[in-house]
Amino acid sequence: MAKQTHRPALLQRLPDRVVGLLREIGQLGDERGCQVYVVGGVVRDLLLGHITLDLDLTVEGDGIAFARLVADRYGAGLAVFERFATARLTFPDGLKMDIATTRRESYAQPAVLPTVQPASIEEDLYRRDFTINAIAMQLNPGQFGHLLDAYGGQRDLRARTIRVLHVGSFQDDPTRIFRAIRFEQRYGFRLEPTTSRLLAQAASTNLIQQLSGPRLQNEIQLLFAEHNPVRAIARLVQLKLLRFLHRRLCYTTNVRRVVTAVPKALAWWARRFQDSVVDRPIVYLMALSSESSPAVVAAMIRRFALSRVHAENVSTGGSRIDRALKQLTNKGTVRPSQVYRLLADLSDEALVLLLAKQVARQHGVRLSLLKRHLLTYMKNRTVKTALTGLDLQSMGLKPGPQYKTILGKLLDARIDGMITTEAEERAFVQKRFDLVG
Ligand code: ATP
């Protein structure tokens, strides 16, 4: 039987509306004759004094039927994943909640997804990744706030330790290797010695290679989405795990410097351009692969099944950015229109990487120059010409590829401040292209 302590005050730290909802759901559990628990990250974080609202509930009984009931009662959106006996609810106010059936998992072979069977809450906690994530809190009235901590989760939280529940844990599911690094770095915890040994052992085999690309990519993405993943990346290097991004990924001192410079570049970017939404994990992936050959990058993109946008980003990480950087940090003057031409087809992620590359070079003067160019570019990138193709036509210009050239030259002149009005644009076209006014 799991060790229980009564800690209702812990749950009360959640926002009132969430506590109210959890109480009502516990009540619903009693009405249906099933035990309902909140489990995993929310409980861990409450015990650590943090509030997270990624609610994971687990039900001793039919979790999906229970999820339907909750969704009906609150008008929540519902997505059901029968195979894993889980459902995801989205409440009208945007709150998300996963509801699952308590279950045991068995792995037909390492690294594949498990088959699941209904089981007790203790077994459900035992299938989890680490003791700190295997603590449940009951929601039924009378037991509201009862902590079930069968495997020493609270002890490990106090000792700031990550510990697996059994020796086969990383074999069953190698994604836990990345999860362990994620929690270790996020909370500044240590791996408990046996866990550390098991992790190193699993990392030294080819188990991770057996994970599907999207599952591996998902873990990497989560790791890189952490507040500051630089130390986590250093851990991947130390454990020789980068080879699972690609076995010929080129990780040089320079790549390490660029990766280390990314948080600074991201912070500067976020301060200056608050409307720009940057996909931070992709910037790290771009930085990591920035000195790898196009063939290696292409293979990584294929294995990870990256979206087209992400794929385009990751493939511009290398020489394309270096060329732009070279020209932008040269001593001679670069006109605003030239800056625009150098940067116009780069995504914001690529621009952050460009900045990180310069931060890594530790050349203050050139860095200031580059920052000025970026500020100019971001101001200019919304500039448009007043004239369009139709206007050129009505001015007597024969339609054709020259339109692109003319409009391009007009835009350059606008960006360089040589012309500011439509009348000046017309005069510019007439003069440059020999039209009769
Ligand atoms: P985060 O704060 O990063 O969201 P979390 O602990 O909430 O962390 P989730 O991925 O949302 O992480 O998972 C919820 C819970 O499900 C975990 O706390 C853990 O109990 C369990 N879990 C998730 N992934 C695994 C896994 N690969 N193996 C075993 N248990 C897992």
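Since this is a predicted model, take the numbers as computed values, not measurements.

(A) Focus on the layout of surface pockets. Approximately 1,400 Å³ is the volume found for the largest pocket. If you trace the largest pocket, you find 39 residues lining it, with D56, D98, R127, R128 and R179 closest to the centre. Of all elements in the fold, only α3 (41–47), β3 (55–60), β5 (86–90), β6 (96–101), β7 (103–106), α8 (175–187) and α10 (213–224) reach the threshold of two or more residues within the lining of the largest pocket. If one sorts the elements of the lining of the largest pocket by residue count, α8 sits on top with six residues. Of the residues belonging to the lining of the largest pocket, the class tally is 13 nonpolar, eight polar and 18 charged. Two domains each provide a minimum of three residues to the lining of the largest pocket, namely domain 1 (9–159) and domain 2 (166–242).

(B) Examining the environment of Y340 more closely. Among the secondary structure elements, Y340 is positioned in helix α17 (residues 336–343). Residue classification places Y340 among the buried positions, given a relative accessible area of 13%. Residues Y340 and D54, 286 residues apart in the sequence, show an inter-C-alpha distance of 42 Å. When residues no more than four places from it in sequence are discounted, the contact partners of Y340 are Y377, N380, R381, L411 and I415.

(C) Up close: the domain arrangement of the chain. The domain architecture assigned to the chain consists of domain 1 (9–159), domain 2 (166–242), domain 3 (245–380) and domain 4 (389–433). Computed over C-alpha atoms only, the centres of domain 1 and domain 3 are separated by 41 Å.

(D) Inspection of helix α21 (residues 402–415) at higher detail. In a regular helix each residue adds 1.5 Å, so 14 residues correspond to 20 Å; α21 covers 20 Å between its end C-alpha atoms and thus fits that length. Among the structural elements, α17, α19 (364–380), α20 (389–394) and α22 (422–432) are those in contact with the buried residues of α21.

(E) Up close: empty space enclosed by the protein. Under the criterion given, the structure shown has one cavity of 30 Å³ or more. Of the volumes computed, that of the largest cavity is approximately 40 Å³. If you trace the largest cavity, you find it lined by Q217, I220, Q221, F224, P281, I282 and L285. Those elements giving two or more residues to the lining of the largest cavity turn out to be α10 and α13 (280–288). Ranked by residues supplied to the lining of the largest cavity, first place goes to α10 with four residues.

Rules of the game
Residues numbered from 1 in each chain as written. Predicted model: local features only at pLDDT ≥ 70, side-chain atom pairs only at ≥ 80, totals over all residues. Heavy atoms only, no water. 1 Å grid on protein atoms, 1.4 Å probe; cavity = no way out; pocket = protein on both sides within 12 Å on 5 of 7 lines; lining within 4 Å. Points joined across faces, edges and corners; volume = space filled by probe spheres on them. Helix = DSSP H or I, 4+ residues; strand = E, 2+ residues; numbered from the N terminus. Nonpolar A, V, L, I, M, F, W, Y, C, P; charged D, E, K, R; others polar. Domains from an automatic or database assignment. Buried < 20%, exposed > 50% of the residue type's maximum accessible area, 1.4 Å probe, protein only. Contact = heavy atoms within 4.5 Å. Expected span 1.5 Å × (residues − 1).

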